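These are the residues of each chain, in order.
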Number of protein chains: 2
Amino acid sequence: MSAQNKVIPRTLSGFMELLPTEQVMFNQMKEKIEKSYKRFGFLPLDTPVLELSEVLLAKAGGETEKQIYRFTKGETDLSMRFDLTVPLAKYVAQNYGTLSFPFRRYQIGKVYRGERPQKGRFREFYQADIDIIGDGELSILNDAEIPSIIYTTFKELGFENFTIHINNRKILNGFFESLQLVDESTDILRIIDKLEKVGIDNVKTELIELGIVETAILKILSFISITGNNEEKIMALEKLDINNSTFKTGLLELKEVAKNIKLFGVPENNFTIDLTIARGLDYYTGTVYETFLNDYKQIGSVCSGGRYDNLADYYTDKPLPGVGISIGLTRLFYQLNELNLIKVDKQSISDVLVVSMSDDISDCLSVANVLRNNGINTEVYMSNKKLKNKFKYAEKLKIPYIAMIGEDEVKNGTISLKNLLTGEQQSVNVSEAIKILKM
Amino acid sequence: MSAQNKVIPRTLSGFMELLPTEQVMFNQMKEKIEKSYKRFGFLPLDTPVLELSEVLLAKAGGETEKQIYRFTKGETDLSMRFDLTVPLAKYVAQNYGTLSFPFRRYQIGKVYRGERPQKGRFREFYQADIDIIGDGELSILNDAEIPSIIYTTFKELGFENFTIHINNRKILNGFFESLQLVDESTDILRIIDKLEKVGIDNVKTELIELGIVETAILKILSFISITGNNEEKIMALEKLDINNSTFKTGLLELKEVAKNIKLFGVPENNFTIDLTIARGLDYYTGTVYETFLNDYKQIGSVCSGGRYDNLADYYTDKPLPGVGISIGLTRLFYQLNELNLIKVDKQSISDVLVVSMSDDISDCLSVANVLRNNGINTEVYMSNKKLKNKFKYAEKLKIPYIAMIGEDEVKNGTISLKNLLTGEQQSVNVSEAIKILKM
């Protein structure tokens, strides 16, 4: 094929494609999240990327629908999944008779949204979700378990200083009901959400512009100004003395969740009641969660979710309450990588590169077999290159050790094992090498 | 939402979606393959599912192109990947200056082909690929390493009685060149391929029908009738005394590969020279591989691949020779599952289900925390159900142990641990429980 006929190899914008050493880091993050989800007994699920548009878009509309990758093949109207929640709803409705409830599932997979591409925004991205679905009812204890899973996961990812913010949508809804501001609640929440960025005076100005009456504004401001530790916040909410049943139910739920979170082993430092978080508007109906890395608040919530009354009402009459969270893994990886915050256990796949210092590679191969059988990821450099090039190869892939085998080593039954980080080189036998490489 | 407005939840035909216990098995197979690929130092790669059609279909044509899921979004002509090789070619050409060669990568991901759906055929399916790409040249030793990776992988999957069949396309090509039957070679290979199914007489009849002359047919039949062990086959090939340089190169390569496979630790029992395998027609240029489970030959090759001269000539002038294999994981899982041949280490995600025998769940939660911190996947049953229901739940999910904690247990600092397989129940403290659950 001549040069002028070549197609320029390129990747779609908004689609993450990593270099090998970055991919190693990404996969370790993914594996740690998965390990942590499994530690709590969540079952794996792997739904198709493609679904019938009629099924996938049963409930979608507005902005979401515009972003869908939708097309026909033959007679079939198809869409690529845009989240992992709708496929879960489909799956649970479809397999209702077979599943065991509460159904605890995790799914880590790619989803697709044709958003305008911009720095740090992706059109193909991983979500890492867990949900617990009840059959008809689901104990509030599950709402309290979720923060312990978030806690374990972010500890596993190497973070200490993060806070899980919890709230309850019924408190917000009941509060706005009591002010007879239900219709305005969307706009009010949007304004409140900016509190930390713009300050209380600007929030007040915007509420006036929205046409909220003075008395209501004062109540809203006193509501969002509630501070203190979790117990103090609950006491302040009780003191508001709002005579609305939704509010009261929400407050009871929040108290119950806050009390139990501690039993689930989350330190007080790592969670807080935050009356300003709402998480979307239609979907969540009870507890809501957001998680912030306190030293890097600018990257936004790294893990969010909440409780919903009904997972799948567009597919089934069965009431299926649930609670779940999602980590936007691709975006999170991008942000942490930009900030140099990714903590990896291993920077390479191979634990050791075995290189021959003679023309005969057979001893390298048998040593490699022994190492592999002992659980050590072992690569043999097989191209006939200068030793310098072999070292360069190992360094570029961040392989921590080189095992050199030449005529002397074969004669003595040893390996010259060099630590590429410290530069230390020692002559060892195979079982000593195994010990060192397993450390 | 009223019943008549419901959308029927359903999954596209040809798209595998598993129940949780099957998904657990599937994931274990996937993890074992990945573990084995990493053991040989292959680097992970995760390319997008969507690519520009111009890029993805640079070389495709014919049947493949008809099967592509291709569509436009906005102005952009997009296609879903139909294999993992073209994305690899794109990636290597695109990142040529950055990658270290030989570039050893694995990728396990879903690919899409809109084939006519039939039993055991899927439109969305996992491929699990490894390839080793050289920069300009690639040692034949890599061809000999590949069978050791196949061997390790299928051992890891629990198989013993399987055989890796190897051949060399240059032998076939040179043989047909020497007979001046290059144009007919495609048809001849198709006929030869049926040898085991239809027998030698039918092969002969079909060759006559194809218009092959008697002398050539005799040579073809003696070629495909070569038997014996690997050394005997090589000797027989040498005895054919074919004066064709392609044939001679192929024979040298095959000898070199066969000799070295043993050094890479593959027992003689698990590989064989098989002069009848060809693996497609354009792509492979040297060594080719197929792998058969000897007790279940009807399911076809479970792992195939080969050597190619040039990975990415439609993207770049750089010669990039490579060798690789692919496991069609979705199809393999389906077939093994039908035959009840999947060997799993664990049938469940959770190692233990903790259930409370009183109204107070707090002790269950603190025990669960301790178990999890010791690496035990632990689930707490939180719904307020009868003990019978909790047992049913554990049995259905195949969780091996139930840990019961009631008032007596709290008083005595013990757990009543029941093995659901043996029915054995014992009263143990937490550290004893950890020991038992870790076994």
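Nothing here was measured: the structure is a model prediction, and the numbers come from that model. (Residues numbered from 1 in each chain as written. Chains lettered and ligands numbered in written order. Predicted model: local features only at pLDDT ≥ 70, side-chain atom pairs only at ≥ 80, totals over all residues.)

## So, the overall build of chain A
- In terms of helices and strands, chain A carries 17 helices and 16 strands.
- Projecting the C-alpha coordinates of chain A onto the three principal axes gives extents of approximately 90 × 55 × 45 Å.
- Each of the 439 residues in chain A was classed as buried or not, and the buried ones make up 44%.
- In chain A, 68% of the contacts between residues at least 6 apart in sequence involve partners at least 24 apart. (Helix = DSSP H or I, 4+ residues; strand = E, 2+ residues; numbered from the N terminus. Buried ≥ 20, exposed ≤ 12 C-beta atoms within 10 Å, placed from the backbone. Contact = placed C-beta atoms within 7 Å.)

## Here we look at the pairing of strand 14 (residues 401-405) of chain A
Residues and elements named next belong to chain A.
- Where burial is concerned, most of strand 14 is hidden: five out of the five residues are buried.
- What you see with strand 14 is no split at all: Tyr401, Ala403 and Ile405 on one side and Ile402 and Met404 on the other are buried throughout.
- Taken together, the five bridges between strand 12 (residues 352-356) and strand 14 define a ladder with parallel strand orientation. Paired with leucine 353 across the bridge in strand 14 is isoleucine 402.
- Sheet topology note: the strand 14/strand 15 (residues 415-419) ladder contains four bridges and is antiparallel. The residue of strand 15 that forms the bridge with methionine 404 is serine 416. (Pairing = 2+ DSSP bridges.)

## A few points about the relation of the copies chain A and chain B
- Between chain A and chain B, which share one sequence, the superposing operator has a rotation angle of 180 degrees and an axial displacement of 0.0 Å; the RMSD is 0.0 Å. In the structure described here, the two chain copies are related by an operation that fits a two-fold rotation axis. Considering only C-alpha atoms, the part of chain A nearest the rotation axis is phenylalanine 71 of chain A, at 3.1 Å.
- Most of the interface of chain A is mirrored in chain B, where 100% of its interface residues are also at the interface. (Least-squares fit on C-alpha atoms with pLDDT ≥ 70 in both.)

## Here's the deal with helix 5 (residues 141-156) of chain A
- With 16 residues, helix 5 of chain A should cover 22 Å at 1.5 Å per step; its first-to-last C-alpha distance of 23 Å lies within 8% of that length.
- Among the 16 residues that make up helix 5 of chain A, 13 are buried, leaving the element largely enclosed by the rest of the structure. (Expected span 1.5 Å × (residues − 1).)

## A closer look at the domain arrangement of chain A
- The domain boundaries assigned to chain A delineate domain 1 (9-133 + 310-345) and domain 2 (352-438).
- Measuring from the centre of the C-alpha atoms in domain 1 of chain A to the corresponding centre in domain 2 of chain A gives 41 Å. (Domains from an automatic or database assignment.)

## Thoughts on the packing of helix 9 (residues 200-209) of chain B against helix 10 (residues 214-224) of chain B
Residues and elements named next belong to chain B.
- Look at helix 9 against helix 10: their axes get within 11 Å of each other, and the N-to-C directions meet at 145 degrees. Seen along the crossing, helix 9 lies across helix 10 with a hand that is right-handed. Together, Ile200, Lys204, Leu207 and Ile208 of helix 9 and Ile217, Ile220 and Leu221 of helix 10 make up the contact between the two elements.
- Tallied by class, residues from the contact of helix 9 with helix 10 come to six nonpolar, no polar and one charged. (Axes fitted to C-alpha atoms, helices over the stretch in contact; angles between N-to-C directions. Left-handed = near helix turned anticlockwise from the far one by under 90°. Nonpolar A, V, L, I, M, F, W, Y, C, P; charged D, E, K, R; others polar.)

## A word on the interface of chain A and chain B
- In this complex, chain A contributes 75 residues to the contact, which on the side of chain B involves 75 residues.
- For the side of chain A that touches chain B, the leading source of residues is helix 1 (residues 20-39) of chain A, giving six residues.
- Partitioned by chemical class, the residues of the side of chain A that touches chain B number 37 nonpolar, 21 polar and 17 charged.

## Things to note about the confidence of the model for chain A
- The share of residues in chain A with pLDDT of 70 or more is 98%, and the mean pLDDT across the chain is 93.
- Our summary of model confidence lists the complex with pTM equal to 0.95 and ipTM equal to 0.95. (pLDDT = per-residue confidence, 0-100.)

## Notes on the nonpolar core
- Membership of the largest hydrophobic core comes to 251 residues, with the highest contact counts inside it found for Val92, Val354 and Ala403 of chain A together with Val92, Val354 and Ala403 of chain B.
- Apart from the residues lying within four places of it in its own chain, the contact partners of valine 92 of chain B are Leu99, Phe103, Ile133, Leu311, Ala312 and Leu320 of chain B. (Core = buried A, V, L, I, M, F, W, Y, C linked by C-beta atoms within 7 Å.)

## Some details on the pairing of strand 10 (residues 304-308) of chain A
All names here are of chain A.
- Among the five residues in strand 10, five count as buried, and that is most of the element.
- As paired strands, strand 9 (residues 287-293) and strand 10 are joined by two bridges and run antiparallel to one another. Paired with valine 288 across the bridge in strand 10 is glycine 306.

## A closer look at the sheet that holds strand 6 (residues 124-133) of chain A
Residue and element names in this part refer to chain A.
- Pairing in this open sheet of eight strands is mixed, and the strands run 1-5-6-11-10-9-7-8 from one edge to the other. Looking along the sheet, the strands with just one partner apiece sit at the ends: strand 1 (43-44) and strand 8 (271-273).
- Judged from the ten bridges that link them, strand 5 (residues 103-112) and strand 6 form a sheet pairing that is antiparallel. The residue bridging glutamine 107 from the neighbouring strand is aspartate 129, located in strand 6.

## Overview of the sheet that holds strand 3 (residues 70-73) of chain A
Residues and elements named next belong to chain A.
- Spatial strand order, 2-4-3: three strands in an open sheet with antiparallel pairing. The sheet terminates laterally at strand 2 (50-52) and strand 3, the two strands that pair on one side only. Pairwise comparison of adjacent strand axes, ignoring direction, gives a mean angle of 40 degrees for this sheet.
- Bridging between strand 2 and strand 4 (residues 76-80) involves three bridges; their strand directions are antiparallel. Bridged to leucine 52 within strand 4 is leucine 78.

## Side note on helix 11 (residues 230-239) of chain A
- Counting buried positions over the ten residues of helix 11 of chain A gives one, only a small fraction of the element.
- One or two steps after helix 11 of chain A, the chain reaches aspartate 241 of chain A, where phi turns positive at roughly 55 degrees.

## Points about unusual backbone geometry
Residues and elements named next belong to chain A.
- Residue phenylalanine 101 is joined to proline 102 through a cis peptide bond whose omega torsion reads -5 degrees.
- Position of proline 102 among the secondary structure elements: in the loop between helix 4 (85-94) and strand 5.
- The backbone of aspartate 241 sits at a positive phi, close to 55 degrees, despite the residue not being glycine.
- Mapped onto the elements of the fold, aspartate 241 is located in the loop between helix 11 and helix 12 (245-263).

## What about the environment of leucine 221 of chain B?
Residues and elements named next belong to chain B.
- Relative to the helices and strands, leucine 221 resides in helix 10.
- Given 15 C-beta atoms within 10 Å, leucine 221 falls into the partly exposed group.
- Sequence separation of leucine 221 and leucine 251 is 30 residues, and the distance between their C-alpha atoms is 18 Å.
- Those residues within four positions of leucine 221 in sequence are excluded, and the remaining contacts are Ile200 and Lys204.

## What to know about the environment of threonine 11 of chain B
- Structurally, threonine 11 of chain B can be placed in the segment before helix 1 (20-39).
- When the 19 C-beta atoms within 10 Å are taken as the criterion, threonine 11 of chain B is described as partly exposed.
- Sequence-distant contacts of threonine 11 of chain B, that is, excluding residues within four places in its chain, are made with Pro48 of chain A together with Glu17 of chain B.

## Some thoughts on the environment of leucine 12 of chain B
- Within the secondary structure, leucine 12 of chain B sits in the segment before helix 1.
- Among the residues examined, leucine 12 of chain B registers 16 C-beta atoms within 10 Å and is labelled partly exposed.
- It is 47 Å that separates the C-alpha atoms of leucine 12 of chain B and isoleucine 226 of chain B, two residues lying 214 residues apart in sequence.
- Among residues more than four places away in sequence, those in contact with leucine 12 of chain B are Pro48, Leu50, Glu51 and Leu52 of chain A.

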